[in-house]
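Now for the letters of each chain:
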Amino acid sequence: MDKEVLNAYAARVAQANRSELVIIMYEAILDSVEEGRKCLEADEIEVCRREIGRARGLLTELMGSLDFSYEISHYLRRLYVYAYQELCQGVALRESERFDHAANIMKKLLPAFQRVADQDHSQAVMQNTQPIYAGLTYGRTSLNENIGVDVSANRGFQA
């Protein structure tokens, strides 16, 4: 993933609640797997490993955040472990179809988590962050992109 995509994810994370964070992680996994697949097919193995490593790290984070007091968490963990193994095997054996197996699992789970996120109206996990405002303005001969960050005196850690 390039720097712009990573910055867009960072901005979304700063303003997301718990349910939205899961959605962001799923989307980031799918983006990394797709980028890894493209790099593998282009024989750029190091970039492929880096992207698949990012996806595996996000899968590990998803596994670590499961609440096993719910029965569904056990099933989700099995799916995550399988996807993780497929990503590892895809890199080791240089078989991009294994990446597709992992991506298909995530694509099938994503709509359910999106429905949950639509019903979750809780506050953002990260409190006291800077709001980000973006927009376009018309210049005399061009279209200008503006990104503004609201810097207030109430910023930062509070003791």
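Structure: above.
Computed from a predicted structure; not experimentally measured.

Colleague: Now, about the environment of Leu109: what can you tell me, with residues and values included?
Modeller: Mapped onto the secondary structure, Leu109 falls in helix 5 (residues 96-119). Separated by 83 residues in the primary sequence, Leu109 and Tyr26 place their C-alpha atoms 8.8 Å from one another. In contact with Leu109, other than residues within four places in its own chain, are Tyr26, Leu76, Leu79 and Tyr80.

Colleague: How would you summarise the state of the cysteines if you had to cite specific residues and measurements?
Modeller: For the structure on display, the rule yields zero disulfides. Free of any disulfide, Cys48 has its nearest neighbouring cysteine sulfur in Cys39, separated by 6.5 Å. On the basis of relative accessible area, Cys48 is assigned to the buried category, the value being 2%.

Colleague: Talk me through the packing of aromatic side chains; I want residue IDs and the actual numbers.
Modeller: Two descriptors summarise a pair of aromatic rings, namely the distance from one centre to the other and the angle between the planes of the rings. Counting across every chain of the model gives two aromatic pairs. Consider the rings of Tyr26 and Tyr80, whose centres lie 6.4 Å apart with planes at 65°: the pair is edge-to-face. Highlighted residues: Tyr26 in helix 2 (residues 18-41) and Tyr80 in helix 4 (residues 71-93), separated in sequence by 54 residues. In this structure, Tyr26 and Tyr80 share a single accessibility class: buried. Through pairs of rings, three or more aromatic residues link up here, namely Tyr26, Tyr80 and Phe113.

Rules of the game
- Residues numbered from 1 in each chain as written.
- Predicted model: local features only at pLDDT ≥ 70, side-chain atom pairs only at ≥ 80, totals over all residues.
- Heavy atoms only, no water.
- Helix = DSSP H or I, 4+ residues; strand = E, 2+ residues; numbered from the N terminus.
- Contact = heavy atoms within 4.5 Å.
- Disulfide = S-S within 2.5 Å.
- Buried < 20%, exposed > 50% of the residue type's maximum accessible area, 1.4 Å probe, protein only.
- Phe/Tyr/Trp six-rings, centres within 6.5 Å; stacked < 30°, edge-to-face > 60°.

This is a description of form; function is not addressed.
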